[in-house]
Amino acid sequence: MVAASAVAADSAPFEIAGPDLHVEVTRKGQTLPIARVPSLAPGDKVAVRGGLPETQSAHFVLMSAFLRGATNPPPKDWLDVARLWKDKDKDNSLSLTVPKDARQLVLLLVPETGGAEGVLSDAVRGKPGEFGRVAQDLNQASLDHSRLDAFMAAIRAQDHNGPEYLRTVAPVLARSLSIKLQEDCLSKVIELQASCLVQNREALVLSDVHSSSLADTLTGTPTDLALQLSATREGGAGYYSAYIGVARDVARIFGAFNNPQFNYLPTLGVREGDRMSLLLNAAPSFKKPKSVIVSAMPAVEADIPPQLRSTAKGAICIRSGAVLPVEGGPLVFSTDFAHDMKVRLTAASGEVVEIPARARADKGGYEFAADTLPAAFAGEVRAHLHGLWGFEPFEGPDFVLQKPGADAWKLAGDPGSLIVGRDNEVVLEGAAPACVEDAVLRQPGGAARSLKWKVLEDGRLGVTVPLAEVPAGEMRIELRQSGVAAGQAVTLRARVQASRLDGLDMHANDTEGVLSGQRLDQVRSVTIGDAEFRPDGLVREGGTDRLRLVAQGTARAPAQGASASASVKLEDGRTQTLPVRVTAARPRVEVLGRDVYPGPPSDGAKVLDLGTGGLLPDNGELAFSLKAAAGMTFGTGDTVEIGSAQGDPIARLAVGKGLNLESPEVFVATLKASDLPPGTFGPVRFRVARKDGVAGDWSPLATVVRLPRIEGATCTDETCTLTGRNLFLVDTAASDDGFTRPAAVPPGYTGRTLQVPGRPADATLRIHLRDAPESTVRLSLDK
């Protein structure tokens, strides 16, 4: 019989309705129903009476036993008996006082049997550790069962809340009640979701640290069975609570002292008000061996309320059915341990009101009705959740709430900062941004557009206004808030982005300057006194524009040291002013003389006459002299920079290195082609640079040309023939100055002869080099 009981307990869930008991607990003059009592304390008055129906035919004996640990059997006066079929209250109910050293209280119901009281008393006092373990596990399992019941009841209610209820509410329920969510169920068709979510229910209840502490009452040396159970995941050391295996565990514990007269059935207690309904996992027997129904009362320990935490990510809008989101206490959603909960609201004026709050597992927090708050509770409101946990005060977390008021919304910051052609982030100030439900952009003649918004950390509202393809002009943002019938509008004006002016840099008495900033393409002109400057080239470097300005007519920049400001006129007619930074004048020079000295021809090569056109052969050198402008002088630290046609410096001449100071006003310079980077050809420029880094304008200097190696040039009456190497450096060749019948050399030519039509009358061929096709080079014919 023992083995059969153990097997039955191992597989059967607690689904058989047992008898009801009515229990109340009184502490310090205050009486609570059992559903509101998380734990007992020494000195508590516990009143227990039966809740059997009037048609009850079997008589039950109710025995109570206080326990004080596995190694300390309880005295006889810690056990009491009631006969539930008796008429007198003193006989059919228990009036108990929790002894000082008690740790658990168990209740045993057994059919009336001669000698039953003595047998049960001997069992409890003979093996108090087993009954203590049973009380611990049954108390824990009952708490876990309450969470599972709450979850399943909410899931089954989905038919009343529409087809999408489960997808949104099931995850919230699972978090609130610490229930394992079968997420794959939510991907099934609507009709199958609810049944899927409650399958394998014994594996749904996750361990809850707080409920485990309520049942942590076993002391002394544990039995081998307890050690074995604690090592299993089902026994509480892993993912799930003892609820999974409690029937099996209790059956094994009781199996040690079952006898031919009695066996023991564990029960879970479902509490509602003062009624504790017992759930059995096997039908009781009224024949030998008769069943002893075992129920655990709350443990005798200090009340330890859960540490509720707010999960709000900012202010909460005070609306009908507002919810204060919390986590950290699944039992506040599945039991009545936390009761008389209220929200204490404090307005900015200091006025305080208290509103009842109700735990809602499906909403993840406490719901309260705030529809009738006084007018003073507008704007920001402080909230504190509090109540009772059993007999003790229970303090919950604090929250920040918001409620719309009468104040109008307004734009924070520059009203002209809204720019078309891009997305704009604007900040709005007003009461209760957490209550904003919708934001819409409206423009004259345009369709309304929904806007994205978020509540910023400083409590203001950040709104994204997309104006990529929107014309400039007046527009408004309309806000709709919860609990406010009429929306509010904030009027804005969008503009074309104005230029941002960072600075205007000029050199004294110069004819140009550089304006830096952003959107400088909107600049029409710059005026300094009577001098006007106009844009002449815009360059963007990263996020900064640099606009070159050139003087109109005889205009000049101010003198060095002058205090001047510029008036910048924009394309939209607006005008901005900014100071002018005037630095030292840039060096200005004129070329006094220039001579080219070709290098010696290579053996066997003919000499080309380069003329006086400023061509510098790649084996020659250029001598030139420079004169400083009036009022300026040269110094030994000044240099002459040589640059490419693009203005990039490629060589530098310094005093003693290609540069000679003839006098304070005159430089004589020598530039060798070999001073330039290999492969240089085409126009080169020069400028004078001061030792402080101020440089003058780039000016043309010469054209570097690569020369073909012409070894022969002979003519007949009809044609001339050139022979040599690198003839691809020739662009065209002709026998007359007008190049009426030119011989063009194709790009990439690799031949060593070139036929030129005609015979020149002066025995001289004309050549345009590829590096200087506008200049004419002459070659004398062979005699």
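## Section: unusual backbone geometry
Phase 1: Here the amide bond leading from Lys288 into Pro289 is cis, since omega sits at -10°, within 30 degrees of zero.
Phase 2: For Asp340, which is not glycine, the phi dihedral falls at a positive 50°.
Phase 3: For Asp340, a relative accessible area of 46% corresponds to the partly exposed category.
Phase 4: If you check the backbone angles, Asn726 has positive phi at about 55° while not being a glycine.

## Side note on the confidence of the model for the protein
Phase 1: In the predicted model, the protein carries a mean pLDDT of 82, and the fraction of residues at 70 or more is 86%.
Phase 2: This stretch, residues 1-11, has a pLDDT under 50; its non-local contacts, to residues over four places away or in other chains, come to 13 contacts.
Phase 3: Of the regions scoring below 50 in pLDDT, residues 201-254 engages in 135 contacts with residues more than four places distant in sequence or in other chains.

## Thoughts on the sheet that holds strand β20 (residues 418-419)
Phase 1: Taking strand neighbours across the sheet as the criterion, the 5 strands line up as β20-β27-β26-β22-β23 in an open arrangement whose pairing is mixed. If you trace the sheet from one side to the other, it starts and ends with β20 and β23 (449-450), each paired once.

## Regarding the packing of aromatic side chains
Phase 1: Throughout the structure, instances matching the rule amount to 6 aromatic pairs.
Phase 2: Between Phe60 and Phe286 the ring centres are 5.9 Å apart and the planes differ by 70°, which places this aromatic pair in the edge-to-face class. With Phe60 in strand β4 (residues 60-67) and Phe286 in the loop between β9 (275-280) and β10 (290-296), this residue pair connects regions lying 226 residues apart in the sequence.
Phase 3: Given a relative accessible area of 7%, Phe60 falls into the buried group.
Phase 4: What makes Phe286 partly exposed here is its relative accessible area of 42%.
Phase 5: Ring plane angle 50° and centroid distance 6.0 Å describe the contact between Phe624 and Phe686, whose orientation is recorded as tilted. Taken together, the residues span a long stretch of sequence, with Phe624 in strand β37 (residues 621-628) and Phe686 in strand β42 (residues 682-689) at a distance of 62 residues. Exposure class is identical for Phe624 and Phe686. Each is buried.
Phase 6: The structure contains a cluster of three or more aromatic residues connected by ring pairs, namely Phe337, Trp389 and Phe394.
Phase 7: One residue, Arg68, lies across the ring of Trp78, its end atom 5.0 Å from the ring centre.
Phase 8: The ring of Phe681 has Arg706 lying over it, and the distance from NZ or CZ to the ring centre is 3.9 Å.

## Topic: the state of the cysteines
Phase 1: Under the defined criterion, the tally for this structure stands at 2 disulfides.
Phase 2: The partner cysteine of Cys317 in its disulfide is Cys435, sulfur to sulfur 1.9 Å. Across the S-S bond of Cys317 and Cys435 the torsion is about 105°, and the bridge reads as right-handed. You can see Cys317 sitting in strand β12 (residues 316-317) and its partner Cys435 sitting in the loop between β21 (423-429) and β22 (436-442), a full 118 residues away along the chain.

## What about the nonpolar core?
Phase 1: In this structure, Val46, Leu62 and Leu108 are the most contacted members of the largest nonpolar core, which totals 57 residues.
Phase 2: The element contributing the most residues to this core is β4, with 7 residues.
Phase 3: When sequence neighbours within four positions are dropped, the list of residues in contact with Leu108 reads Val61, Leu62, Met63, Leu120, Val124, Phe131, Tyr264, Val292, Ile293 and Val294.
Phase 4: Residues Leu148, Ala154, Ile179 and Phe337 belong to the second largest nonpolar core, which totals 42 residues.

## Digging into the pairing of strand β7 (residues 104-111)
Phase 1: Counting buried residues along β7, 8 of its 8 residues qualify, which places the element largely inside the surrounding structure.
Phase 2: Because side chains alternate across β7, one face comprises the buried residues Gln104, Val106, Leu108 and Val110, and the other comprises Leu105, Leu107, Leu109 and Pro111, equally buried.
Phase 3: Pairing of β4 with β7 involves 8 bridges; the strand directions are antiparallel. When the sheet's bridge partners are listed, Val61 is paired in β7 with Val110.
Phase 4: With 4 bridges joining them, β7 and β10 adopt antiparallel strand pairing. Opposite Leu108, over in β10, you have Val294 as the bridge partner.

Reading the values: the criteria
Residues numbered from 1 in each chain as written. Predicted model: local features only at pLDDT ≥ 70, side-chain atom pairs only at ≥ 80, totals over all residues. Heavy atoms only, no water. Buried < 20%, exposed > 50% of the residue type's maximum accessible area, 1.4 Å probe, protein only. pLDDT = per-residue confidence, 0-100. Contact = heavy atoms within 4.5 Å. Pairing = 2+ DSSP bridges. Helix = DSSP H or I, 4+ residues; strand = E, 2+ residues; numbered from the N terminus. Phe/Tyr/Trp six-rings, centres within 6.5 Å; stacked < 30°, edge-to-face > 60°. Lys NZ or Arg CZ within 6 Å of the ring centre and 35° of its normal. Disulfide = S-S within 2.5 Å. Core = buried A, V, L, I, M, F, W, Y, C linked by side-chain atoms within 4.5 Å.

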